[in-house]
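Observations on the three-dimensional arrangement
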Amino acid sequence: MYIDYSVKDGKTYARLSNSVRNGGRVEKEDKGNLGRVLDKNLGIYRSRERGVFTFDLETGAYGGAPAGFVPTDVRKNRKEQLILDFGDVFFLDWYIRSAGLRPAIDAVGYGNMDTLYAMICYYAVCSMANSHAESWWEGSYARILYPKANLASQRVSDFLAAAGSEHAQRRFFQEYFGWLGRSGVQLTNILIDSTGLPNSIHFPLTAISNHNGEVSNEVRLIYAVHQKTGLPIFFRYCAGNVIDASTLTRCIEELKAQGVDVNFAILDAGHYTNGNVREFYDRGISFITRVKENCTLYKEIAASHLGALEAKENLVEYNGRYAYMKRVECEAEGHRAYAYVGLDIARKSSEAQKTFKCAAAKKMSTGQVYDAMAKQGVFMLVSSRRIAKEKVLPLYCTRQQIEQVFDIGKNYADMLPIRVHSEETFRGHLLLTFVAAVVIKKIQDSLAKTPITPISLFQDLRNQKCKVFEDRVITTEVFKKANDCYKHFKLDCPVVIQRQRFNL
């Protein structure tokens, strides 16, 4: 078998052929079309059926194109973009460098680093589907910063699958944990929680979930977040029908396997089980968690102490709100523990008003109203540590950090909707959303005392353009909103940026 080449309109095409003997004649037998020749020496082709691929004539094997390969041809209808969106990508590239995150990102080890960085920028500043990534790149300064990026749809899928490999992710987290340590983040006190990622795509992780009464097709995503800074530390995922309780110890084990020894964790109520409590005590990991009403410990302590809860000595203040809080020594799986019975006054008032409004419609007696009110606003926390009752609520409320991270991932970092079609590309998608969430979280923290948000920051900076010439890029004048963003980060916007020649 051999490859038969032909040229049409200046472009080379290839077909597989075979020589067969027919009587006394040797005839050519067509064995299939390889399509357009992109690189003859490397054996790289493109066809409608396979996209960009390689073919080895000796083995007859098809494969994926090398990550660093970028086709030199361009679409016929592609117009030269002489004015590009500038400020958002310029700022993001500078921020990643100044924050020292490049070694962790480089550790992913993808063959085309321009593609990797362009996609991180795309996830951070654009909420469109990955099928639009190439169009975004063509109109963005990312095209100048990352000229070798290959963001065609098929190549993006190949990239996500490569970035989602276990080897790539372990390399990333090894460097990322080092960056956290150099940044002064002690990886001992963490928050752990999970969130559902609604998903109708059929792959093994999609399952029907009934989480807090909400039924949906989804994948469960578990994040570990640093308690003090709120920075994402690690992520895992599992099928949507896996209950929260079973994910906790595995998350701790994976962190430990990668050199992160956790000694204190703040957990959601879904993680409080007898098995998890035993595991934490056995491992010497302190914890604090909320306990659900149907838990035996909750019922026993509430029955004994709820009646005397509303007393002067039990009143505490936190974040401008008031609650009654009582500490009770108890036992959890044979170990000493501390239960904190609480009554949120504002929440009780709100829930009581709702009860009053519907009491008549439901024909509730005064006794039924009284019984309903007895449980309103009540909650219970359990800790393996003895904590002052004035400090326990502020400590537990740091869990809001992880809710904020999930919000960043879903609303800023393109976590939803899921637009991938295999577990391999899904893993790469999660890694990109993780990196984008880390960057945006740090930016958001820096903007906390200003009226600027990450969304307005990127939008205002995107509105600053640049003009592209053969050997330089000239930025347009910086208007007030963009200038405020630059000033806040002490970043000077250049007038002229010299560049290597790149065919637009």
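Placed above this text is the structure.
Now for a look at the structure at hand. What you see is a predicted model; the values in this text were computed from it and never measured.

Thresholds, definitions, all that
- Residues numbered from 1 in each chain as written.
- Predicted model: local features only at pLDDT ≥ 70, side-chain atom pairs only at ≥ 80, totals over all residues.
- Heavy atoms only, no water.
- Helix = DSSP H or I, 4+ residues; strand = E, 2+ residues; numbered from the N terminus.
- Buried < 20%, exposed > 50% of the residue type's maximum accessible area, 1.4 Å probe, protein only.
- Contact = heavy atoms within 4.5 Å.
- Areas by Shrake-Rupley, 256 points an atom, 1.4 Å probe, with all protein chains shown as cover.
- Lys, Arg positive; Asp, Glu negative; His and termini not counted.
- Charge placed at Lys NZ, Arg CZ, Asp CG, Glu CD.
- Pairing = 2+ DSSP bridges.
- Phe/Tyr/Trp six-rings, centres within 6.5 Å; stacked < 30°, edge-to-face > 60°.
- Lys NZ or Arg CZ within 6 Å of the ring centre and 35° of its normal.
- Arc of directions from axis to C-beta.
- Disulfide = S-S within 2.5 Å.
- Axes fitted to C-alpha atoms, helices over the stretch in contact; angles between N-to-C directions.

With that out of the way, let us pick up the overall build of the chain. On a plain count of helices and strands, the chain comes out with 17 helices and 20 strands. Taken over the C-alpha atoms alone, the chain extends approximately 105 × 65 × 50 Å along its principal axes. Looking at the 504 residues of the chain, the share that counts as buried comes to 49%. When contacts within the chain are restricted to residue pairs at least 6 apart in sequence, long-range pairs at least 24 apart make up 63% of them. Taken as a whole, the chain presents about 25400 Å² of accessible surface, with 48% of it coming from carbon and sulfur. Positive and negative side-chain charges in the chain, numbering 67 and 55 respectively, have mean positions lying 3 Å apart.

As a further point, take the pairing of strand 14 (residues 315–318). Working note: regular strand, side chains alternate between the two faces of the sheet. Covered by surrounding structure in strand 14 are Val-316 and Tyr-318 only, the residues Leu-315 and Glu-317 on the alternate face being uncovered. Direction of pairing for strand 14 relative to strand 15 (residues 321–332): antiparallel, over a ladder of four bridges. Paired with Tyr-318 across the strands is Arg-321, a residue of strand 15. Adjacent in sequence and paired antiparallel, strand 14 and strand 15 are bridged by two residues, among which Asn-319 carries a positive phi angle near 55°.

Bringing unusual backbone geometry into the picture now. Phi is positive for Glu-333, which is not a glycine, with a value near 50°. For Glu-333, a relative accessible area of 32% gives the class partly exposed. With a phi close to 65°, Asp-414 is a non-glycine residue in the positive phi region. If you trace the backbone, Asp-414 turns up in the loop between helix 14 (400–411) and helix 15 (423–446). You can call Asp-414 buried: its relative accessible area is 5%.

Now for the packing of aromatic side chains. Throughout the structure, instances matching the rule amount to 33 aromatic pairs. Ring centres of Phe-173 and Phe-234 lie 5.0 Å apart, and the angle between their planes is 65°; on these two criteria the pair is classed as edge-to-face. One end of the pair, Phe-173, is in helix 7 (residues 166–182); the other, Phe-234, is in strand 11 (residues 232–239), and 61 residues separate them in sequence. Of the two residues examined, Phe-173 and Phe-234, each falls in the buried class. Put simply, the rings of Phe-172, Phe-173, Tyr-176, Phe-177, Trp-179, Tyr-223, Phe-234, Phe-235, Phe-406 and Phe-434 pair up and form one aromatic cluster. Across from the ring centre of Phe-53, 5.9 Å away, lies the NZ or CZ of Arg-50, which sits over that ring. Across from the ring centre of Tyr-62, 3.5 Å away, lies the NZ or CZ of Arg-50, which sits over that ring.

Turning our eyes to something else, we now look at helix 17 (residues 480–488). If you check which residues of helix 17 are buried, you get Ala-482, Cys-485 and Tyr-486. Taken down its axis, helix 17 places every buried residue within 95° of arc, on the same side. Residues of helix 17 that are exposed and point over 90 degrees away from its buried face: Lys-480, Lys-481 and Lys-487. Contact partners of the buried residues in helix 17: helix 1 (87–98) and helix 16 (454–462). Lys-490 sits one or two residues past helix 17 and shows a positive phi near 55°.

Throughout the structure, instances matching the rule amount to zero disulfides. Lacking any disulfide linkage, Cys-121 is separated from the closest cysteine sulfur, that of Cys-126, by 11 Å. Its sulfur unpaired, Cys-485 is 12 Å from the next cysteine sulfur, which belongs to Cys-493. A residue is classified by how much of its surface remains accessible, and Cys-485, at 2% relative accessible area, is buried.

Let us look at helix 9 (residues 274–283). If you check which residues of helix 9 are buried, you get Asn-276, Val-277, Phe-280 and Tyr-281. For helix 9, the buried positions fall inside an angular range of 130° around the axis, keeping them on one side. Of the surrounding secondary structure, the elements contacted by the buried residues of helix 9 are helix 8 (248–257), strand 12 (264–267), strand 13 (286–290), strand 15 and strand 16 (335–344). Gly-284 sits one or two residues past helix 9 and shows a positive phi near 75°.

Taken in spatial order, the six strands make up an open sheet running 1-2-3-4-5-6, and their pairing is antiparallel. Sheet topology places strand 1 (2–8) and strand 6 (61–64) at the edges, where each strand pairs with a single neighbour. Averaged over all pairs of adjacent strands, the angle between strand axes in this sheet comes to 50°, irrespective of strand direction. As defined by bridge partners, strand 5 (residues 51–56) adjoins strand 6 across four bridges and the pair is classed as antiparallel. Across the sheet, the residue bridging to Phe-53 is Gly-64, located in strand 6.

It is worth spelling out the side chain of Thr-247 at this point. By the element assignment, Thr-247 lies in the loop between strand 11 and helix 8. Excluding residues within four positions of it along the chain, Thr-247 makes contact with Ile-222, Arg-236, Cys-238, Val-242 and His-271.

This brings us to the pairing of strand 18 (residues 465–468). Residues Cys-466 and Val-468 of strand 18 are buried on one face, while the alternating residues Lys-465 and Lys-467, pointing to the opposite face, are not. Note that strand 7 (residues 83–85) and strand 18 share three bridges and pair antiparallel. In the sheet register, Asp-85 faces strand 18, and the bridge partner there is Lys-465. Of the pairings in the sheet, the one linking strand 18 to strand 19 (residues 472–475) comprises three bridges and is antiparallel in character. Bridging across to strand 19, Cys-466 finds its partner in Thr-475.

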